Amino acid sequence: MKLSKEISNGFLIFLGISAYFLVMQALGLSDNHLLRFFNVFIVYYGVYRTIKSNFNENKFGYIYNMVSAGFTAVNGVIMSFVGLILYIYANGGQSFLNNLSPGFLFSGNPTVTEYCFGLLFEGLASAIVIVFISMQYWRSKTALND
């Protein structure tokens with residue numbers, strides 16, 4: 001069974017974000033919020049692969065490619081969200097979260113649910129921005145028509 005390019009590239013995004021997070025955790029840099037910005041490049045890479053694959057298959061429609069890229073990005077973000085929840089609970093739940101990234105999204109101590117949903121919404125917002133930027137890049141490279 002062959003997975004669609006959107007799912008496989010979404011899974012690639014999940015693997016990239018997971019590996020990046022684990023490396024940051026191992027190096028003791030997980031509390032540095034500025035380094036989380038580089039997640040954008042991981043999501044962009046997965047979206048780029050999907051759009052490039054569509055173009056190689058002669059699928060040039062703007063809406064088609066935007067939906068395909070959006071599904072790829074959202075798929076990767078949601079898998080990362082689920083992975084984060086599992087990772088936090090596998091490492092002690094709330095006590096691990098209190099040491100993970102104190103005061104990142106909320107003042108005080110957010111619950112695991114609040115923390116993960118905050119990151120989910122941040123991830124989805126950045127995914128949407130990445131999709132639109134990617135589509136404008138590809139549109140400028142070629143003539144996208146519906």
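Residues numbered from 1 in each chain as written. Predicted model: local features only at pLDDT ≥ 70, side-chain atom pairs only at ≥ 80, totals over all residues. Heavy atoms only, no water.

Undergrad: Would you mind going over the packing of helix α2 (residues 39-56) against helix α3 (residues 62-90) with me for this structure?
TA: How two helices pack is summed up by the angle between their axes together with the distance between the axes. α3 packs onto α2 with a crossing angle of 145° between their chain directions and a minimal axis gap of 9 Å. The hand of the α2/α3 crossing is right-handed. Across the interface between the two elements, Val43, Gly46, Val47, Thr50, Ile51, Asn54 and Phe55 from α2 touch Tyr64, Asn65, Ser68, Ala69, Thr72 and Ala73 from α3. Looking at the contact of α2 with α3 residue by residue, the classes come out as seven nonpolar, six polar and no charged. (Axes fitted to C-alpha atoms, helices over the stretch in contact; angles between N-to-C directions. Helix = DSSP H or I, 4+ residues; strand = E, 2+ residues; numbered from the N terminus. Left-handed = near helix turned anticlockwise from the far one by under 90°. Contact = heavy atoms within 4.5 Å. Nonpolar A, V, L, I, M, F, W, Y, C, P; charged D, E, K, R; others polar.)

Undergrad: Looking at this structure, I do not really get the pattern of salt bridges. What am I missing?
TA: Oppositely charged side chains are able to pair whenever their charged atoms sit close together. Under the criterion given, the structure shown has two salt bridges. Between Glu57 and Lys5 there is a salt bridge, with its nearest N and O atoms 3.1 Å apart. Of this pair, Glu57 sits in the loop between α2 and α3 while Lys5 sits in helix α1 (residues 5-26), and the two are 52 residues apart along the sequence. With a relative accessible area of 40%, Glu57 lands in the partly exposed category. On the accessibility criterion, Lys5 (17% relative accessible area) is buried. (Salt bridge = Lys/Arg side-chain N within 4 Å of Asp/Glu carboxyl O. Buried < 20%, exposed > 50% of the residue type's maximum accessible area, 1.4 Å probe, protein only.)

Undergrad: What am I meant to see in the packing of aromatic side chains here?
TA: Remark: the centre distance and the inter-plane angle together describe each pair of aromatic rings, the angle taken between the planes. Overall, the coordinates contain 13 aromatic pairs when judged by the stated rule. For the ring pair Phe11 and Phe14, a centre distance of 5.7 Å and an interplane angle of 40° mean the geometry is tilted. Of this pair, Phe11 and Phe14 both sit in helix α1, three residues apart, which is roughly one turn of that helix. Given the relative accessible area of 18%, Phe14 is considered buried. A network of ring pairs unites the aromatic residues Tyr44, Tyr48, Phe55, Phe60, Tyr137 and Trp138 as a single cluster. (Phe/Tyr/Trp six-rings, centres within 6.5 Å; stacked < 30°, edge-to-face > 60°.)

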